[in-house]
Structure formats: C-alpha cells, structure tokens
Amino acid sequence: MYDFAYHRPKSVADAVKLLKDKPEARAISGGMTLIPTLKQRLARPSDVVDLGAVKELSGIKLEGTNVVIGGMTKHAEVATSADVKAAIPALAHLAGHIGDPQVRNRGTIGGSVANNDPAADYPGAVVALNATVTTNTRKIAADEFFKGLFETALADGELITSISFPKAEKAAYMKFPNPASRYAMVGVFVAKTAAGVRVAVTGAGPCVFRVKAMEDALAKNFSSAAIKDITIPADGLNSDIHGSAEYRAHLVGVMARRAVDAANK
Amino acid sequence: MSISVAMTVNGKAVSGKVEARTLLVQFLREHLGMTGTHVGCDTSQCGACVVDVDGKSVKSCTILAVQAEGSKVITIEGLAESPDKLHPMQEAFRENHALQCGFCTPGMVMSAIDMVKRHNYQLDEATVRRELEGNLCRCTGYHNIVKAILAAAPAMKSAGV
Ligand SMILES: Cc1cc2nc3c(=O)[nH]c(=O)nc-3n(C[C@H](O)[C@H](O)[C@H](O)COP(=O)(O)OP(=O)(O)OC[C@H]3O[C@@H](n4cnc5c(N)ncnc54)[C@H](O)[C@@H]3O)c2cc1C
Ligand code: FES
Ligand code: FES
C-alpha cells in the first residue's frame, strides 16, 4: 500500500471541502472495499478522508412511509434494526447476508452503493424499491444512479448522505452467493410498492438492471407461476470461472421465482 | 506522513507513531510486538486477524491503525485470566482438538467469542457454521471448531464471561 495523508473531518461540509481541495483524495467509510484495493495498489490516493467521525451520516429513521438510512450506517446495523425489520424485512435480510459478520460490522450502505460493484447486494434493493439517493448536493432517483460497471451518477467529491427506501407491501431478496466470497453470483430483489412492481437483478450483469417483462407479468398476477416462462438473454451477462453467462441467465429466473414465493409468504 | 496514535489494548494504554497506511494488525504485531493476531491473506477473507474494537468484531487487516485512535482493542493475548487459566473458548478449542497448525486459531477464537455473545450464549450448529463465514481454516475441516464453539457457549455463560 502506498502512503497517503489522512484526514478525519467531523462534518459533511468539511469532508466535501477536503475532497474538492485535493484532486487525488478518496473518501473512506467502512474501508472493506477501499483498503483491499489500496493493498493491491490498484488505487493511489494522495489523501484519504475518513468519514468515520461524521456523526450526521449515521443512523436509521422513519420519515412517513419511508425508511431513511444514513450513508455511514453499517450493514450489521441495518440487519438488526427494529425499524428496518418492521418496514422492509427484505432489506434487513439482504444486509444480514452481505459477506461475513466482520465485514458487516465495518462496511456501510453508502460505500457499497457508491462503489457499485456488479456483484454487490444493495444496488438490487435500491433499484427494486425505487429508493432515492441523497447526496450533499441533490437527490438522485434509483434509475438514474447506477450507470455501469463500478460507475454511478456521483460527481467527484460528491458524498452519499442517506438513502430513502419506500416501504414495500411485499418484497424479498434471493441471492445465489458465490461460495467463496458471498458476493452475489446472481441476486434478485422483487418488490411490490405503492408505485408498482419492480424486479432488479444484481450479480448477473456489469451493473444492476430491471426485468421489465417480469415486472409487467407480476403487476397482473403477483405469483411465481406468472413468470415461469420468462427467460432473459445471456448476451452481455457476466461470464467467469464461477459461471457462464447462460448459467447466470438461468439463475435469474430461478432466483426471481424464489423471491416472489418468499415475498408472498 | 507520521501520525501519533493512542488506544487501549487489552486494558493497557498504548501509543506510537505510525504512517497513515499502517494497518491496525501491523501496529499490533510490528509496533507493539503482539504477534498473536495473525495475517493470513491480502483480501480480507480469512479472518486470522480478527480482534475486538469497541465491542465489535473486526478484521484488523482492514482497518487503519489511525482509525482505531482512542478505541478499546481486545486481542487473543487479552483473553486468558492467567498463564494457567485459559478463557473458556480457548479451553474448549483445546478440549475438542479444534486446531491443528493453529494459524487460524486466534481469529477463530475471537470470532467465536463475539458470536456466542451476540447470540446470547445460545447457538446451534447451523448458526455456528453460518457465523464462521469470515474465518478460514485450511487444516481442521471445521468440524471440531464447531464442536468447540457449541461446547464453549454454556461454559462462557456459567463463567460469566
Ligand atoms: C470478504 C468480503 C466479503 C464481501 N461480501 C460482500 C457481499 O456478499 N455483498 C456485498 O454487497 N458486498 C460485499 N463486500 C463488500 C462490502 O459490502 C463493502 O463494505 C462495500 O462494498 C463497501 O462499503 P465500505 O463502507 O466498506 O466502503 P469503502 O471501502 O470505505 O469505500 C468504497 C468506495 O466508496 C467510496 N465511498 C465510501 N463512502 C461513500 C459515501 N458515503 N459517498 C460517496 N462515496 C463513498 C469510497 O471513496 C470508495 O471509493 C464484501 C467485502 C469483503 C471484504
Ligand atoms: S488477514 Fe485479515 S482477513 Fe485475512
Ligand atoms: S488449524 Fe491450521 S489453518 Fe486452522
């Protein structure tokens, strides 16, 4: 790991100022992605801005029918939060199945969503629940946020301050975890909210995506039988030592049906 | 960039000068000479480095020493009451032959204690196996590790630790 200058600001404003003043600066929240990246020398920031002391970024609150989760909130906190469990149990379940207990004690929702790893779990929930990502400057709708492989709508120095999830009538997340890393080989988040039905797929492609055909079928009939004949093309899906694109395409159907069944329980 | 850090390790106040990039595990091993905490990988996957920071189980290879400033850290060296009185979890590992080479053991024991406490001393086999997700062992096949943890849970409860 190359050395860097370390900063520990106490407010979002100070953190943003540091990130703007130093063009090669990087924010660190849980460090569960950034530190392994630094160890491999895949990144060489001049400055690391630790969000760990920024109190305003942490915590979970209810606003109307939405659950608002601060950017620095750890996976373990989301998994065990009584408010999340009551409003959107599928989201608590998802958080409780990220990596392992130690990763969940440090990793944060803001870091995960900002990083947009193709195999990360949270992007599935953000898109399926049609959540809104709030940054220090604006609000970004889920469909506008995830742009591609490790790419998001975030500008340089822009920080995720919170994410607001509408309560779901029915929702479930089913992941086929990579047996070594626990990242999603394929994960499908199905949600029925006041705004309609959404099906978001993570792990399978370069970036989270929706399956419109399944959404339309489920809007008419929210049962796994309604989507049993819907297949998705393997074109453009991930293919690696863990599974081919065809295998992943097949898993999308399986995980989607299981998610609908789980949501109906 | 050289930075002063101060924290409590196993109840003792410690301090030192580190680089920003110094990992907590490097601070423990190389600055304090406490080599009980191990490093088994570069990818934050193996759990040989698990310690307790302010009551939370963390991988000390994936947190900077400066991020632990002011924290209370507990390592494998801080568990036994005295050289001849092991922590019930350590005792259970010995009783159940839960180690072979011993490389993964410090992290296993630290994760195991955290898991027992989080589950209020009540565990079943499936839970133990799931909770060990972040700890790899290349020798034992896990079987005896799971047995040891299941045996230690009631022992920890009656010992009040
Ligand atoms: C062994 C292991 C297993 C894992 N398994 C899974 C898994 O099964 N599923 C899964 O989804 N993830 C998994 N992860 C990743 C984990 O969830 C990470 O915590 C997460 O991807 C990154 O969050 P972080 O808080 O650690 O971010 P960091 O590593 O601190 O930061 C990641 C990136 O996001 C930026 N960033 C951080 N916070 C913000 C913010 N608030 N606003 C804007 N940018 C920000 C940083 O600058 C950096 O570029 C695993 C990680 C490990 C080490
Ligand atoms: S050395 Fe920390 S997880 Fe492997
Ligand atoms: S006993 Fe050798 S790695 Fe676990």
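Fair warning: this is a prediction, and the values are worked out from it, not measured in the lab.

Parameters and conventions
Residues numbered from 1 in each chain as written. Chains lettered and ligands numbered in written order. Predicted model: local features only at pLDDT ≥ 70, side-chain atom pairs only at ≥ 80, totals over all residues. Heavy atoms only, no water. Pairing = 2+ DSSP bridges. Helix = DSSP H or I, 4+ residues; strand = E, 2+ residues; numbered from the N terminus. Axes fitted to C-alpha atoms, helices over the stretch in contact; angles between N-to-C directions. Contact = heavy atoms within 4.5 Å. Buried area = accessible area lost by both parts, 1.4 Å probe. Salt bridge = Lys/Arg side-chain N within 4 Å of Asp/Glu carboxyl O. Nonpolar A, V, L, I, M, F, W, Y, C, P; charged D, E, K, R; others polar. Domains from an automatic or database assignment.

Visitor: Is there a simple way to think about the sheet that holds strand 2 (residues 12–19) of chain B in this case?
Guide: What holds strands together in a sheet is hydrogen bonding between their backbones, with the strands either parallel or antiparallel. All names here are of chain B. A sheet is described by the order of its strands in space; here five strands give the open sequence 2-1-5-3-4, paired in mixed fashion. Each edge of the open sheet carries a strand with a single partner, namely strand 2 and strand 4 (56–59). Neighbouring strand axes in the sheet, compared pairwise and without regard to direction, differ in orientation by 40° on average. Bridge analysis of strand 1 (residues 2–9) against strand 2 gives eight bridges, and the strand direction is antiparallel.

Visitor: How do you make sense of the interface of chain B and chain A when you look at a structure like this?
Guide: It is common to report an interface's size as the accessible area lost on association of the parts. On the chain A side, the residues contacting the 26 residues of chain B number 26 residues. Counting each side, the surface lost to burial between chain B and chain A is near 2,300 Å², with a carbon and sulfur contribution of 56%. Close ionic contact of Glu133(B) with Arg182(A) constitutes a salt bridge, the shortest N to O distance being 3.0 Å. It is strand 4 of chain B that provides the largest number of residues to the side of chain B that touches chain A, a total of four residues. Residues of the side of chain B that touches chain A, tallied by class, amount to 10 nonpolar, eight polar and eight charged.

Visitor: Looking at this structure, how should I read the sheet that holds strand 11 (residues 170–177) of chain A?
Guide: All names here are of chain A. Taken together, the four strands give an open sheet; going across it, the order is 11-12-13-14, and neighbouring strands pair in antiparallel fashion. Since the sheet does not close on itself, it has two edges, and those belong to strand 11 and strand 14 (209–210), each with one partner. As defined by bridge partners, strand 11 adjoins strand 12 (residues 184–193) across eight bridges and the pair is classed as antiparallel. Each bridged residue has a counterpart across the sheet, and for Lys170 the counterpart in strand 12 is Lys192. Helix-sheet contacts for helix 5 (residues 89–96) involve strand 11 and strand 12, and the interaxial angle to strand 11 is about 20°. Relative to the sheet, helix 10 (residues 212–220) contacts strand 12, strand 13 (196–202) and strand 14, its axis offset from that of strand 13 by approximately 150°.

Visitor: Sorry if this is basic, but what is going on with the domain arrangement of chain B here?
Guide: All names here are of chain B. Domain annotation of chain B identifies domain 1 (2–75) and domain 2 (88–159). Taken over C-alpha atoms, the centre of domain 1 sits 22 Å from the centre of domain 2. Counting residues at the interface gives 15 residues for domain 1, matched by 10 residues for domain 2. Linking domain 1 with domain 2 are zero salt bridges, by the criterion used here.

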